[in-house]
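# Coordinate analysis (summary)
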Protein chains: 2
Amino acid sequence: MAVVGKLELLIVSALLLLTACYSNVQRGYKTTLKSVASSEGKPWPIPQLYIPTPTTYTLNSDSFKINPTGKTCDTLVAAMTRYYNVIFYPGRQNDALRFKPISKSKLTVGTELPYLNVNLENDCEIYPSLDMDEWYQLFVKSDGAILTARSIWGALRGLETFSQLVYQTPDGTFTINDTKIEDYPRFSHRGLLIDTSRHFVPKKILLQNLDAMAYNKYNVFHWHIVDDQSFPYQSRHFPELSNLGAYDPHTHVYSQQDVAEIIEYARQRGIRVIPEFDTPGHSESWGPAIPGLLTPCYKSGQPDGSYGPIDPTKNSTYDFLKVIVMEWTKVFPDKYVHLGGDEVSFDCWKSNPAVTQFMQKMGYGTDYSKLEQYYMQNILNIVSSDQDGYVIWQEVVDNGVKVNPDTVVEVWKDRHNPATYKAELSKVTGLNLRALLSACWYLNDISYGVDWPKYYACDPHDFQGTDAQKKLVIGGEACMWGEYVDGTNLISRLWPRASAVAERLWSPKQYNNTAEAAPRIEEHRCRMLRRGLNAEPANGPGFCKYEMQVN
Amino acid sequence: MAVVGKLELLIVSALLLLTACYSNVQRGYKTTLKSVASSEGKPWPIPQLYIPTPTTYTLNSDSFKINPTGKTCDTLVAAMTRYYNVIFYPGRQNDALRFKPISKSKLTVGTELPYLNVNLENDCEIYPSLDMDEWYQLFVKSDGAILTARSIWGALRGLETFSQLVYQTPDGTFTINDTKIEDYPRFSHRGLLIDTSRHFVPKKILLQNLDAMAYNKYNVFHWHIVDDQSFPYQSRHFPELSNLGAYDPHTHVYSQQDVAEIIEYARQRGIRVIPEFDTPGHSESWGPAIPGLLTPCYKSGQPDGSYGPIDPTKNSTYDFLKVIVMEWTKVFPDKYVHLGGDEVSFDCWKSNPAVTQFMQKMGYGTDYSKLEQYYMQNILNIVSSDQDGYVIWQEVVDNGVKVNPDTVVEVWKDRHNPATYKAELSKVTGLNLRALLSACWYLNDISYGVDWPKYYACDPHDFQGTDAQKKLVIGGEACMWGEYVDGTNLISRLWPRASAVAERLWSPKQYNNTAEAAPRIEEHRCRMLRRGLNAEPANGPGFCKYEMQVN
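Residues numbered from 1 in each chain as written. Chains lettered and ligands numbered in written order. Predicted model: local features only at pLDDT ≥ 70, side-chain atom pairs only at ≥ 80, totals over all residues. Heavy atoms only, no water.

The operation relating chain A to chain B is a screw motion whose rotation component is 180°, with 0.0 Å of axial translation and a residual RMSD of 0.0 Å. Such a combination of rotation and displacement between the chain copies is what one expects of a two-fold axis. Of the C-alpha atoms belonging to chain A, the one lying closest to the rotation axis is found on A:Ser447, 2.3 Å away. Of the interface residues in chain A, 100% have counterparts in chain B that sit at the interface too, so the contact is made through matching surfaces. (Least-squares fit on C-alpha atoms with pLDDT ≥ 70 in both. Contact = heavy atoms within 4.5 Å.)

So this is what it looks like as structure tokens:
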């Protein structure tokens, strides 16, 4: 890590020299009215090495071409078309007129950039994975632009960056600066959790959110698909789960076709979909469909009609889990599934006589965390017997469950006390396990004013540990829990706040100057707005050249 | 007030007896999964007298008629058509199929309600006003429904209530309960402030917001149209104000046609539009267009290039104000204009030698509040010479400016300390002036979780004062200042939080039980969603039968 650190410092120094050329020209009186200057054409997240120059070229939508000059595949072809449209015709279809390209006569002002050649060196992989190679190199020169990538995933990241370098001058001319970029992510797992159980989120909003993720180089959609409140996942084997557990079995569900469409949409953008089926707690909505699965709670020696966590004492529980887990691993192509394991309350287990008897039989005494261990061990074994990996919340490890070496532990406690998650990162990596940080990135926790600098300041490497331990932190996740969020406010509440996390997880650690980032994140939110996403203001008062379009 | 109080208590008692019939049937297991039960067909804000019965009627979209049986006019005709569509075909056009009315065969299940007769007793007034009569009476009986109103404004309120009484049973049948309602607002000024200066808000969002206001019986759109940051109002006499003061003179402006359209849209819904042109502070964006209007600030004996409040010492200031004020009173038909007067900083005035000289000439010593008084007195005289009234922020009165008896004083300080605004209400009404409360309703101040009960709990009469003083409180305003809000998040952030304020200002004071209101406000947000507005969740986890539609 020390070597990388020095390299990064060098890059930052180079950037400080070069970005001076790009600060906006003061326009006198009016500029003082705007709190934050724009920084058009500056990418977000900032690349590892980014050397723009003041020389500019123009782009003509009629003649500009994106050509594959190396390997190619359906994913690349689709991406080239997509990014052509993102550059010249962003947003919804009825915006086409608004973004009418400049007339050819005006284009003679500058040197025209004729093409972007995409030189993909290796055959495309079908699905992105934890080990995917996202490295790319991008040169924008007078004779053309060249994007080089070893893998399709790097090519996708490079296309995104290229699209961000293009901006429109006040007269409408599409413009790009002569630029050199070499880029790769600092962390390999850059996730975003969306909760579709506390509130149902329409599929189209999830697809919009995948667009936003691609625009921010996120690469994992952590789909917290079911929870206590509802079970919108339509199972192949157990359709009753959503028939009885969804808010509405017809309108508030994700069909197998919906799930497949979401996975494909994500795949096309180099985004992994990791579903979370949180057990043994957070599973109340499973109960109606699977009699006997949940623990009946007792009061005064009688069942009181309420249910607690999944009943870990019954063989039928594991018979059921084997079938449903096999289904998940088939439906979701990623090697990893998230198995939850957080916030298991022992009260109901304690009240239940059959559970008490089982505790005695197993010699657990009154240590219910051993019972939780027993359950988690069983479900982890089921998953790993399928050659699949798992992500789990930190409690599983905290409770002493023996996990596989390739387990990923997500550290989420707690956002109000950084010392706790730093200690947990030390502990988890000290056990030689890989870790994800999400504790400081609970974006559902809103407050008045600008809060992205808080997320920007949190760094997953800021804990006590050896270099080897730091390497075990494979990334982090921004979380948008759904208690107060649904389709009406998810996009605007999440973006560009989640962009702060995206840059922290992609860009050099030393890139942590809020003052430098402020105009760039505002510009990035304007970019998302121009592309049809309702990203809310990043900073204080201001405006975007292209505000949202309302139908 | 004592008599009204007893009447209200009687009504609440009646309601407690009757609403028992409307609690949702427990559906066993699944119901416990939802935090808040729905309460379809219950109106928001709750009427003064509301007596539903368990008898229900069905509505057939093919045969149901809304008939004018008294006076009529364009406003009523448009509203009858609008509410027919709101009931049977809400939302956007592509939702038509989703809301396909039930087939006739199924309608034989219940007694069909054939019509709603609208008996308007008096000729329509063109524009709503502070003195408008919003009383109405509504009977839903087996032979038909009858809405009686003295004025067009009461008829509009009654149509809104009628539309809310209609709900769809699970099989899709449009249904209404046999009901008696007598209704009128507790306060006559029920305002909502939108700030279009810190961020520009597209016209279509303002129109959507007027829909939402009508659905909540708000009757004043307080349009904080310009401020320091930008001047989007396109003036007839001074086009340079927006040419030089708007964020963008072409895309970030409200043309005269836009303003007229907004006023007409509001008028059709019985909503007054009161523009605020805040001076002498909050006026930096005016500067570029009107040289000499703002006070140049000095540093070390030299102008430092920055500007402070409007320069109150020059005759040219008042010459300009006469023209622009006359324009406002012509463009905006309401008798009232909001003249601001808040947060005037004296620093710049203190630094300016010409201002110092004027202070000496006038014998003000170093009391700059006297200079502010002088300015406000002048602008208030200009407005009142036009026979117009004004609303001003509390500082104007706090600083001792002599105001006309019909002045409305808006109390906004401060939300963190209820004692301050209660004392201010005592003081303002003690001066025999009319008051508006907004201090406790700054909805821009967001926080994590459910916050509407806080707004619901604030009552404009909770201050020390005589009955006569209480009568001088004519209402209040919810405020959505625009520092962090634009078209992307305005609707979802405002609704249904602003609904809590709406009920406080319309319904009996005794209607203050959060537990009773919780399912009703959630249902009301679902109602807004069904009508095409992206109102966010009101409470915790849950769902609406019709979630938002995404294009």
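This part is about the sheet that holds strand β16 (residues 408-411) of chain B. Strand-to-strand pairing in sheets goes through backbone hydrogen bonds, with the strands running parallel or antiparallel. Residues and elements named next belong to chain B. The parallel closed barrel is built from eight strands, whose spatial order is β9-β10-β11-β14-β15-β16-β17-β18. Pairs of neighbouring strands in the sheet enclose a mean axial angle of 25°, with direction left out of account. Across three bridges, the pairing between strand β15 (residues 389-393) and β16 is parallel. Within the sheet, the bridge partner assigned to Ile 392 lies in β16 and is Val 409. Across the sheet, helix α17 (residues 497-506) is in contact with β9 (189-195) and β18 (473-480); its angle to β18 comes to roughly 180°. (Pairing = 2+ DSSP bridges. Helix = DSSP H or I, 4+ residues; strand = E, 2+ residues; numbered from the N terminus. Axes fitted to C-alpha atoms, helices over the stretch in contact; angles between N-to-C directions.)

It is worth spelling out the sheet that holds strand β18 (residues 473-480) of chain A at this point. All names here are of chain A. Spatially, β9-β10-β11-β14-β15-β16-β17-β18 is the arrangement adopted by the eight strands of the closed barrel, whose pairing is parallel. Geometrically, the sheet is characterised by an average inter-axis angle of 25° between neighbouring strands, direction not taken into account. Pairing of strand β17 (residues 434-437) with β18 involves three bridges; the strand directions are parallel. Paired with Leu 437 across the two strands is Gly 476, which belongs to β18.

Counting across every chain of the model gives 54 salt bridges over all chains. In this structure, B:Asp227 and B:Arg198 form a salt bridge, with 3.4 Å as the shortest nitrogen-oxygen distance. Taken together, the residues B:Asp227 in the loop between β10 (220-224) and α6 (240-245) and B:Arg198 in the loop between β9 and α5 (203-215) connect sequence positions 29 residues apart. When sorted by exposure, B:Asp227 lands in the same class as B:Arg198, which is buried. Through salt bridges with shared partners, one network takes in A:Asp195, A:Arg198, A:Asp227 and A:Glu483. (Salt bridge = Lys/Arg side-chain N within 4 Å of Asp/Glu carboxyl O. Buried < 20%, exposed > 50% of the residue type's maximum accessible area, 1.4 Å probe, protein only.)

If you look at the interface, chain A gives 58 residues, while chain B gives 58 residues. For the chain A and chain B pair, buried surface summed over both sides reaches about 4,900 Å², with 61% attributable to carbon and sulfur atoms. Joining chain A to chain B, the criterion identifies 20 residue pairs in polar contact (both at pLDDT 80 or more). The set of elements that each furnish at least two residues to the side of chain A that touches chain B consists of α5 (203-215), α16 (490-494) and α18 (514-530) of chain A. When residues in the side of chain A that touches chain B are grouped by element, the largest group, three residues, is from α5(A). Residues of the side of chain A that touches chain B, tallied by class, amount to 23 nonpolar, 20 polar and 15 charged. (Buried area = accessible area lost by both parts, 1.4 Å probe. Polar contact = N/O pair within 3.5 Å; in protein donor to acceptor, adjacent residues only side chain to side chain. Nonpolar A, V, L, I, M, F, W, Y, C, P; charged D, E, K, R; others polar.)

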